[in-house]
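Chains, contacts and geometry: an overview
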Amino acid sequence: MGKMDNRIVLVTGGTSGIGASTSRLIAQEGGTVIVVGRNSERARIFCEDCEKSGIKVNYIYCDVTSKEDISNLHKEVLDRFGKIDTLISNAGMLITASLEEITDDEWDKMYATNVKSAMYLCQEFIDEIRNNKGVVLFNASINGLHNYIKGRRSYMYASSKSALIQFSRYMAKNYAPEVRVNCLCPGMTETNLFTNKDYSRFADCNLLGRMAKPEEIARVALFLVCDDSSYITGSVIVADGGETIK
Ligand SMILES: NC(=O)c1ccc[n+]([C@@H]2O[C@H](COP(=O)([O-])OP(=O)(O)OC[C@H]3O[C@@H](n4cnc5c(N)ncnc54)[C@H](OP(=O)(O)O)[C@@H]3O)[C@@H](O)[C@H]2O)c1
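Here the structure is a predicted model, which is why all the values come from computation and not from measurement. (Residues numbered from 1 in each chain as written. Predicted model: local features only at pLDDT ≥ 70, side-chain atom pairs only at ≥ 80, totals over all residues.)

1. A short note on the site of the ligand
Around the ligand there are 29 residues in total, and Gly 13, Gly 17, Gly 37, Asn 39 and Gly 92 lie nearest to it. Listed by contribution, the elements that provide at least two residues to the shell around the ligand are helix 1 (17–28) and strand 2 (32–37). The element contributing the most residues to the shell around the ligand is helix 1, with three residues. Grouping the amino acids of the shell around the ligand by side-chain chemistry returns nine nonpolar, 17 polar and three charged. (Near = placed C-beta within 6 Å. Helix = DSSP H or I, 4+ residues; strand = E, 2+ residues; numbered from the N terminus. Nonpolar A, V, L, I, M, F, W, Y, C, P; charged D, E, K, R; others polar.)

This is the structure in structure tokens:
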């Protein structure tokens, strides 16, 4: 008996990093997992890799910044899987720039990916999720919560993640009691979000002296979408190795 038996779970950005680890874990727990992303080759490799370890994960192409793609995604999910009860809005991106360097295009792209996509997804899927008494989880970041910011170039990332945190609270309030909605705020995690793979430069960023492995964040995500967290909604859950108080 798995923690996610009989659940149909959509994971945006489920082909890499935190999303991929979460998808794998949910599938291991019996959930039917649909991962979404733009890079079909990466998705193919991920799905094959899962299959080799005896897990099935399904891929549907979708650019989460496109309202049309999300509408098509909804149709395909219903055609192929009949319903959906769990949404993990995880896709995100990071561009750092000083105030002077920020361009309109970068600002719009960051907000479209990190915030507007969550709104599109909820507009499209929330009725279905409410009918199925389901769960929504947003993946924000500790960067959206910090009362001080260590990096000086995170204007777009930090502010977009703060917006996502507030969006999640409104979703929780407006769709209770049928839907549980929570927001996860991971600290720095070893994923493709960072092009520079020298993770040791962040060794002293938190109390544990290292970045998180994606699997460690995935276990928190699983907890938040399965019935183990049945009394948690409207919460912002931090998993940052103590970065907030360092
Ligand atoms: N790594 C960290 O330190 C950290 C810390 C806190 C929060 N987070 C958050 O965790 C989430 C996952 O990031 P990650 O660290 O796992 O990074 P990652 O390995 O780079 O994964 C990002 C995922 O998002 C997908 N994606 C990006 N833009 C998309 C779009 N327009 N449409 C569809 N999919 C899109 C990517 O797939 P395609 O490229 O194929 O589209 C990829 O699967 C993000 O929201 C990130 O902000 C990360």
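2. Digging into the nonpolar core
Ranked by size, the top nonpolar core spans 60 residues in total, and within it Val 9, Leu 10, Val 136, Leu 137 and Ala 221 carry the most contacts. With seven residues, helix 4 (residues 104–131) is the largest single contributor of residues to this core. (Core = buried A, V, L, I, M, F, W, Y, C linked by C-beta atoms within 7 Å. Buried ≥ 20, exposed ≤ 12 C-beta atoms within 10 Å, placed from the backbone.)

3. A look at the environment of Cys 183
Tracing the sequence through the fold places Cys 183 in strand 6 (residues 180–186). A count of 29 C-beta atoms within 10 Å places Cys 183 in the buried class. Among residues more than four places away in sequence, those in contact with Cys 183 are Phe 138, Ala 140, Ile 165, Ser 168 and Val 236. (Contact = placed C-beta atoms within 7 Å.)

4. A look at the packing of helix 4 against helix 5 (residues 155–175)
Direction vectors running N to C along helix 4 and helix 5 enclose 15 degrees, while the axes themselves pass 9 Å from each other. On the basis of the axis angle, helix 4 is roughly parallel to helix 5. Between helix 4 and helix 5 the crossing geometry is right-handed. Where helix 4 approaches helix 5, its residues Glu 106, Trp 107, Met 110, Tyr 111, Asn 114, Val 115, Ala 118, Met 119, Cys 122, Ile 126 and Arg 130 are matched on the opposing element by Met 156, Tyr 157, Ser 160, Lys 161, Ala 163, Leu 164, Phe 167, Met 171 and Tyr 175. Partitioning the contact of helix 4 with helix 5 into residue classes produces 15 nonpolar, two polar and three charged. (Axes fitted to C-alpha atoms, helices over the stretch in contact; angles between N-to-C directions. Parallel < 35°, antiparallel > 145°, perpendicular 65-115°, else oblique. Left-handed = near helix turned anticlockwise from the far one by under 90°.)

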